[in-house]
Amino acid sequence: MPVCVSCRGEYWAPTGSGQNTSEQPRDAPTPSAFDQIARSEESQAPEAPASTHASLSPSSGLAEAYDLRDLPPFVCARCRQSNRRWHEWATARFGAHFIRFFFQSIPWGLLALISFLLPLVAIAAADTITPVASVRIGIPLALLLIFVNVALLYAIKNSLWRYDVLSRVGRGFRPSLVTLGVTFFILALIFGLALVFMMEARADDPEAGPTQGLLRVLTTIMLALTFVNVTISAMFLSAHDYAKWLDREMPQPIYAQEKRLLRLIEDGVLASIKRATGKEDEGVATTIVDMERCKDGGADLVIGAEVASNGDGSLMKLQNWQVKADRWGRIRKMSREGPPQYVELPVAESSEDDEGQGNG
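Residues numbered from 1 in each chain as written. Predicted model: local features only at pLDDT ≥ 70, side-chain atom pairs only at ≥ 80, totals over all residues. Heavy atoms only, no water.

Digging into the pairing of strand β2 (residues 299–308)
For clarity, the threshold we go by: The buried label goes to any residue with under 20% of its type's maximum accessible area, the exposed label to any with over 50%, and the partly exposed label to all in between, with areas taken from a 1.4 Å probe on protein chains only. Runs of E in the DSSP output that reach at least two residues are strands. Runs of H or I that reach at least four are helices, and both are numbered from the N terminus. Two strands pair if DSSP finds at least two bridges between them.
Along β2, eight of the 10 residues are buried, which leaves the element largely enclosed by surrounding structure. Bridge analysis of strand β1 (residues 284–293) against β2 gives nine bridges, and the strand direction is antiparallel. Looking at β2, one finds that R293 is bridged to A299.

Laid out in structure tokens, this is it:
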């Protein structure tokens, strides 16, 4: 099944809209299948504390067990976000992604491609550079590292978009793509200027021989990294332009949609409490008492639960729960906060009793 770009849930897509999809899958997940998904996630999650009831799922975060056949195409079963635009883009041809990343990000995308030619500058000035650094080793090393970095950063371009979104909503220091791009450009400038100053010093002292030993190794690495850092800088800035386009065109990750994230977490807690108390239809209500966003984009919450403890609803059990959820709205830890409180509520007399009293 395709995976939701917003919350990592699932959706179904019509035939012809992408790979591994069908008009309405014969084996579309049923509620029991969703339970299996939840259990598989639980096996990879931290174990629930002893104070948590065994039937509470600490990691599933599923508000309810939905049947995908009851949902429109491209609509996520967890967060109800439409993935139509994302699905079209994810199943587009390689050329469309390549053009969008490199040729519609001017000048950074073009600079990243042109950077493969930058080491030719060192070849043209080999006579000047050789006394300081080894051109024969530095240039092949630079070309290899440029290729690896361009291929790697292009392959994780969607992850860089999610990172960029997280840098805006998460707590703590997390440099943005622009900051990373500028940082690598400054490093390239520092390495390049250091080599230039060393070459000038050699030019002013004709009797000085070429660098030797560890110093020559370091200057050769600096020569390669001068070109490589320019490439990395251009790739990060191009990824920033690509991320801005995704921000405009695609659904945002759920950790950037705080109201939707909190609603998903609260629904997951409510479903877990219903399963634990056996009150699947009614008699349970939840409300968010306190909330704090985490460094990873998730949330730590205190959720109050009201559970009817008898049939006529005259006794209400109040219990606060400490909940820790990741940035995708999946509950990772859930424990009771203090002992429960019981509140007696007034119950209205039935109409039959009223009539009986009136006749009497």
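From this point, things continue past the structure.
Overview of helix α10 (residues 213–249)
Residue pairs spaced three or four apart in an α-helix point in one direction, given the helix's 3.6 residues per turn. The test is simple: Expected span of a helix, by definition, is 1.5 Å for each gap between consecutive residues, and there is one gap fewer than residues. Bend at a given residue is defined as the angle between two axes, one fitted to the seven residues that end at that position and one fitted to the seven that begin there.
Between its terminal C-alpha atoms α10 stretches 54 Å, which fits the 54 Å expected from 37 residues at 1.5 Å a residue. A maximum bend of about 25 degrees is found in α10 at L225.

Side note on the pattern of salt bridges
Our working rule: Salt bridges, as used here, are contacts in which a Lys or Arg side-chain nitrogen is within 4 Å of a carboxyl oxygen on Asp or Glu.
For the structure on display, the rule yields eight salt bridges. For R85, the salt bridge goes to E249, with nearest N and O atoms at 3.7 Å. With R85 in helix α2 (residues 84–90) and E249 in helix α10, this pair connects stretches of sequence that are 164 residues apart. Residue classification places R85 among the partly exposed positions, given a relative accessible area of 32%. We note a salt bridge from D300 to K324, for which the minimum N-O separation is 3.3 Å. Linking D300 in strand β2 with K324 in strand β3 (residues 315–325), this pair joins segments that are 24 residues apart in sequence. Judged by its relative accessible area of 39%, K324 falls in the partly exposed class.

Topic: a nonpolar patch on the surface
Our working rule: Within this analysis, patches are made of residues with over 30% relative accessible area and no salt bridge. Like charges are joined at 9 Å or less; nonpolar side chains (Val, Leu, Ile, Met, Phe, Trp, Tyr) at 5 Å or less. The Shrake-Rupley method, run with a 1.4 Å probe, gives the accessible areas here. Residue values count only the displayed protein chains as cover.
Where nonpolar side chains cluster on the molecular surface, the patch consists of V178, V182, F185, I186, L187, L189, I190, L193, V196 and F197 and spans about 850 Å² of accessible area. On the secondary structure map, F197 appears in helix α9 (residues 177–204).

Examining helix α8 (residues 157–169)
We apply this condition: By definition, residues are in contact when any of their heavy atoms lie within 4.5 Å.
With 13 residues, α8 extends 19 Å from end C-alpha to end C-alpha; this agrees with the ideal 18 Å at 1.5 Å per step. Along α8, the residues that are buried comprise K157, L160, W161, R162, D164, V165, L166 and S167. In this structure, the buried residues of α8 make contact with α2, α3 (94–103), α7 (135–155), α9 and α10.

Some details on the confidence of the model for the protein chain
Applied cut-off: The pLDDT value expresses, per residue, how confident the predictor is, ranging between 0 and 100.
Here the protein chain shows a mean pLDDT of 80. Residues at 70 or above account for 77%. Here helix α1 (residues 31–42) stands out as the element of the protein chain with the lowest mean pLDDT, 37, in contrast to α7, whose mean of 95 is the highest. Overall, residues 19–65 carries pLDDT values under 50, and its contacts beyond four positions in sequence, including any with other chains, amount to 95 contacts.

Describing the packing of α9 against α10
This is how the line gets drawn: Axes, fitted as lines to C-alpha atoms, cover a helix only where it is in contact. Angles between the N-to-C directions of the axes lie from 0 to 180 degrees. For classification, angles of less than 35 degrees are called roughly parallel, those exceeding 145 degrees roughly antiparallel, those between 65 and 115 degrees roughly perpendicular, and all remaining angles oblique. For a crossing to be left-handed, the near helix must be turned anticlockwise from the far one by less than a right angle; the clockwise case is right-handed.
The N-to-C vectors of α9 and α10 enclose an angle of 155 degrees; their axes lie 7 Å apart at closest approach. By the criterion of interaxial angle, the relationship of α9 to α10 is roughly antiparallel. As α9 runs across α10, the sense of the crossing is left-handed.

Comments concerning unusual backbone geometry
Glycine aside, residues mostly have negative phi angles, and peptide bonds mostly take the trans form. Look at the link from I106 to P107: it is a cis peptide, with omega at 5 degrees. By the secondary structure assignment, P107 is in the loop between α3 and α4 (108–114). The phi dihedral of R8 falls on the positive side, at around 70 degrees, and the residue is not glycine. Residues other than glycine seldom take positive phi values, yet R80 does so here, at roughly 60 degrees. Here R80 lies in the loop between α1 and α2.

Quick word on the packing of α8 against α10
In a packed pair of helices, the relevant descriptors are the angle between the two axes and the axis-to-axis distance. This is how it is decided: Side-chain classes are defined by residue name, with Ala, Val, Leu, Ile, Met, Phe, Trp, Tyr, Cys and Pro counting as nonpolar, Asp, Glu, Lys and Arg as charged, and the others, Gly among them, as polar.
Two elements in contact, α8 and α10, have axes separated by 9 Å at closest approach and are oriented at 75 degrees. With respect to each other, α8 and α10 are oriented roughly perpendicular. Here K157, N158, L160, W161, D164, V165 and R168 of α8 come into contact with α10, specifically with F236, A239, H240, Y242, A243, L246 and D247. Classifying every residue of the contact of α8 with α10 by side-chain character gives eight nonpolar, two polar and four charged.

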